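Here are the chains, one letter per residue:
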Amino acid sequence: MRRFTLRTGIRWKITLAIAAVGALVTIALSLVVHSAARVSMLGSAREVQLERVQFISRNAEAGRKPPMGAKLNDPELPAELRQKAQSGRRGTYIQERPHGVPEVWAAVPLGNGQVLSLHTPFRESADLLPDLDRALVIGGLAAVIGGSALGVLIGGQISRRLRKAAAAAQRVAHGDPDVRVRDAVGGVVRDETDDLARAVDAMADALQQRLEAEQRVTADIAHELRTPVTGLLTAAELLPPGRPTELVRDRAQALRALVEDVLEVARLDSASERAELQEVALGEFVSRRVKVLMPEASVRIVADEIVSTDPRRLERILGNLLANAARYGRPPVQVDVEGRVVRVRDHGPGFPEALLREGPSRFRTGSTDRAGVGHGLGLTIAEGQARVLGARLTFRNVAAPGVLDRSVTAAGTPAGSAAGAVAVLWLPEHAPTATGSFPALKLPPG
C-alpha cells in the first residue's frame, strides 16, 4: 500500500513552527496575565471594600445611621462570611454570578452582636478585563504575524541556500567537475548548510579522483594491448590459408576493434574531446552515409536543415545505431530526418528493459549469445559522441499493433510488448564551441 506523502518547503515548515510556538506562548501568557490581573483587581477591591465597611462600622457604633448599601444582619450575606463575622472576625467574600458581574462583600462584627455588611458589584470585571483581553488578543496576533514573517525570511534564506546546493549537486552528478557546492551556496554566516556543502564537495572530489584513476587504468590497458594486438594481426596474415586461419584472423580483428572502442570510450570519458564543426545539410548527409553503412536501410527526409556539427562524429553515431539495429533488430531498418532530429528504427524485439531504464551500459549487449555479436560498447560510444556534439540521444520501443504504446525514454518505465526499437538523435540548435562550451546568444535590442 502506497503511503501518502505531503511535500512542503522548509520555508513554510519553519514559518508554521514559529507561528504555532508563537500562538501557544501567546495563549499561555494571555491566560496568565488575565488571571493575574483579575486576582490583583479583586484583591484591591477586597481591601477597599473592607476599609469602607470599617469606616461605616465606626460611624454606626457612634450612633449614626449606616449609609445606603450597608446593612445590619443582611439576610443575603453569604453564610461563610456571616459565620466569620459572628465569630468576631472581619472578612471579605467574592460572590460569583452565573451570568452577571461578581459582587464583593465585606463584613465586620459590631459590639452589640450585630453584623454590618456591604456589597458592591465588581464592575472592573465587566469594564477593564474585556479591554485587557482585547489588548492581549491584538498583541498575540501581532506577535504571531511578526514571527511568521520572520520565519518566512529565515526559512526563505535557508531554502534558497539548499536549492542552490541541490542545483550544484545536480550539475556535479551530470558530470561537471568544476562545480563546487560550497561556492554555489555562498553566504557569510556559517551553518549546517555549509557543512553539507563541504561534505558533498569532498565526496565529489573523491569520486572524481576515483573515476579519473579508473579511466587512466582503462586507457593504459588499451594502449598496452594495441602493440601485441597489431603483432597478432600481422602474424595471422602470415598463416597458411584455411579455416583455422580465418578463425584466428576474425578473433584478432574483433580484439582489435574492442581495443579501439575501449580507447575511444576512455577519450570520451576524459571530457577532452572537442567537436570540429562544419555546416552540413543533415538530410543529404544522412542519406549519403546510410547508403554506404547499410544499403538495405530506407531513408525518409521529412524536413531538411543546415546544421553546424562534426561530420566525423555524426557518422560515428549513425554507424553505431545502424550496427546495433542490424545485430539485435530485424529488417526493415528505417532512418527518418526531420529538421535537427534523426530517428533510426528497426522492427525487432526492442531495446532491453535495463537499457530503457538506465541507459547504455558498457559490455552489456542484452543478448545471451556473446559469440560474434559485439561487445556492448556501440551505444555507449554513440551516447558519448552525442555529448561531444551537445546533442541528446534517447531510446524507446514501439508497441506491437493492438497493444497500448508504453514506450518511454531511457529515464522512464520499461516498455511492454514491443515491435521495434527507435533511437532518436536530437541535434542542438547551437553547437558547442572548440572549448566545449556553448556560444553566448546575443539577444536583439528592445
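Residues numbered from 1 in each chain as written. Predicted model: local features only at pLDDT ≥ 70, side-chain atom pairs only at ≥ 80, totals over all residues. Heavy atoms only, no water.

### As for the overall build of the protein chain
Link 1 in the chain: Along the protein chain, the regular secondary structure elements total ten helices and eleven strands.
Link 2 in the chain: A separation of at least 24 residues holds for 64% of the contacts in the protein chain among residues at least 6 apart in sequence.
Link 3 in the chain: Here the protein chain has roughly 27300 Å² of accessible surface; of this, 58% comes from carbon and sulfur atoms. (Helix = DSSP H or I, 4+ residues; strand = E, 2+ residues; numbered from the N terminus. Contact = heavy atoms within 4.5 Å. Areas by Shrake-Rupley, 256 points an atom, 1.4 Å probe, with all protein chains shown as cover.)

### Things to note about the UniProt feature "transmembrane region" (unreviewed entry) in the protein chain
Link 1 in the chain: Within this numbering scheme, the UniProt entry marks residues 12–33 and 135–154 as carrying the feature "transmembrane region" (unreviewed entry).
Link 2 in the chain: Counted over residues 12–33, helix gives 100% and strand 0%. Its end C-alpha atoms are 31 Å apart.
Link 3 in the chain: Counted over residues 135–154, helix gives 100% and strand 0%. Its end C-alpha atoms are 28 Å apart. (UniProt positions renumbered as here; feature names shortened; annotations may be inferred.)

### Remarks on the packing of aromatic side chains
Link 1 in the chain: As enumerated under the stated definition, the model contains one aromatic pair in all.
Link 2 in the chain: Both rings, one in Phe351 and one in Phe395, keep their centres 5.3 Å apart while their planes meet at 80°; by these two values the pair is edge-to-face. Taken together, the residues Phe351 in the loop between β9 (341–345) and α9 (353–358) and Phe395 in strand β10 (residues 392–399) connect sequence positions 44 residues apart.
Link 3 in the chain: Of note, Arg392 hangs over the ring of Trp426, and the distance from its end group to the ring centre comes to 5.0 Å. (Phe/Tyr/Trp six-rings, centres within 6.5 Å; stacked < 30°, edge-to-face > 60°. Lys NZ or Arg CZ within 6 Å of the ring centre and 35° of its normal.)

### Here's the deal with the sheet that holds strand β2 (residues 91–95)
Two pairing modes exist for strands in a sheet, parallel and antiparallel, and in both the strands are linked by backbone hydrogen bonds.
Link 1 in the chain: Strands sit in the order β1-β4-β3-β2 across an open sheet of four strands; the sheet is antiparallel. A single partner strand is all that each edge strand has here, and the edge strands are β1 (70–72) and β2. Geometrically, the sheet is characterised by an average inter-axis angle of 25° between neighbouring strands, direction not taken into account.
Link 2 in the chain: Summarising the sheet, β2 and strand β3 (residues 103–109) pair through five bridges and their orientation is antiparallel. Within β3, the residue paired with Gly91 across the bridge is Ala107. (Pairing = 2+ DSSP bridges. Axes fitted to C-alpha atoms, helices over the stretch in contact; angles between N-to-C directions.)

### Brief notes about a nonpolar patch on the surface
Link 1 in the chain: Together, Ile10, Leu162 and Leu196 give the surface a local cluster of nonpolar side chains, amounting to about 220 Å² of exposed area.
Link 2 in the chain: Looking at the secondary structure, you find Leu162 in helix α3 (residues 124–173). (Patch = residues over 30% accessible without salt bridge, like charges linked within 9 Å, V, L, I, M, F, W, Y side chains within 5 Å. Salt bridge = Lys/Arg side-chain N within 4 Å of Asp/Glu carboxyl O.)

### Some details on the packing of helix α7 (residues 282–293) against helix α8 (residues 311–328)
Link 1 in the chain: Running from N to C, α7 and α8 cross one another at 50°; their axes reach a closest spacing of 10 Å. Relative to α8, the element α7 is oriented oblique. Note that α7 runs across α8; the crossing there is right-handed. Where α7 abuts α8, its residues Leu282, Phe285, Val286, Arg289, Val290 and Leu293 lie against Pro311, Leu314, Glu315, Leu318, Gly319 and Leu322.
Link 2 in the chain: For the contact of α7 with α8, the class distribution of residues is nine nonpolar, one polar and two charged. (Parallel < 35°, antiparallel > 145°, perpendicular 65-115°, else oblique. Left-handed = near helix turned anticlockwise from the far one by under 90°. Nonpolar A, V, L, I, M, F, W, Y, C, P; charged D, E, K, R; others polar.)

### Details of the packing of α8 against helix α10 (residues 378–388)
Link 1 in the chain: Where α8 contacts α10, the two axes come as close as 9 Å, and the packing angle between them is 155°. Relative to α10, the element α8 is oriented roughly antiparallel. By crossing handedness, the relation of α8 to α10 is classed as left-handed. Counted together, Arg313, Arg316, Ile317, Asn320, Leu321 and Asn324 of α8 and Gly378, Leu379, Ile381, Ala382, Gln385, Ala386 and Val388 of α10 form the full contact between these two elements.
Link 2 in the chain: Considering only residue class, the contact of α8 with α10 consists of seven nonpolar, four polar and two charged.

### Notes on empty space enclosed by the protein
Link 1 in the chain: Per the stated rule, a full pass over the model turns up two cavities of 30 Å³ or more.
Link 2 in the chain: Size it by volume and the largest cavity reaches roughly 60 Å³.
Link 3 in the chain: Surrounding the largest cavity, Leu321, Asn324, Ala325, Val344, Arg345, Asp346, Phe351, Leu379, Ala421 and Ala423 form its lining.
Link 4 in the chain: Those elements that provide at least two residues to the lining of the largest cavity are α8, β9 and β11 (418–426).
Link 5 in the chain: Residue contributions to the lining of the largest cavity peak at three residues, all from α8. (1 Å grid on protein atoms, 1.4 Å probe; cavity = no way out; pocket = protein on both sides within 12 Å on 5 of 7 lines; lining within 4 Å. Points joined across faces, edges and corners; volume = space filled by probe spheres on them.)

### Description of the side chain of Asp74
Link 1 in the chain: Topologically, Asp74 is positioned in the loop between β1 and α2 (79–86).
Link 2 in the chain: Beyond its immediate stretch of four places on either side in the chain, Asp74 contacts Arg82, Trp105, Ser117 and His119.

### Considering the nonpolar core
As a rule of thumb, nonpolar side chains are buried together in soluble globular proteins.
Link 1 in the chain: Judged by nonpolar contacts, the single largest core of 35 residues is most densely connected at Leu282, Val286, Leu321, Leu322, Phe351, Phe395 and Leu425.
Link 2 in the chain: Elements supplying a minimum of two residues to this core: α7, α8, β8 (334–338), β9, α9, α10, β10 and β11.
Link 3 in the chain: The greatest single-element share of this core, amounting to six residues, is contributed by α8.
Link 4 in the chain: When residues no more than four places from it in sequence are discounted, the contact partners of Phe351 are Asn324, Leu356, Leu379, Phe395, Arg396, Asn397, Ala421, Val422 and Ala423.
Link 5 in the chain: Listed in part, the nine residues of the second largest apolar core include Leu50, Ile56, Val108 and Leu116. (Core = buried A, V, L, I, M, F, W, Y, C linked by side-chain atoms within 4.5 Å. Buried < 20%, exposed > 50% of the residue type's maximum accessible area, 1.4 Å probe, protein only.)

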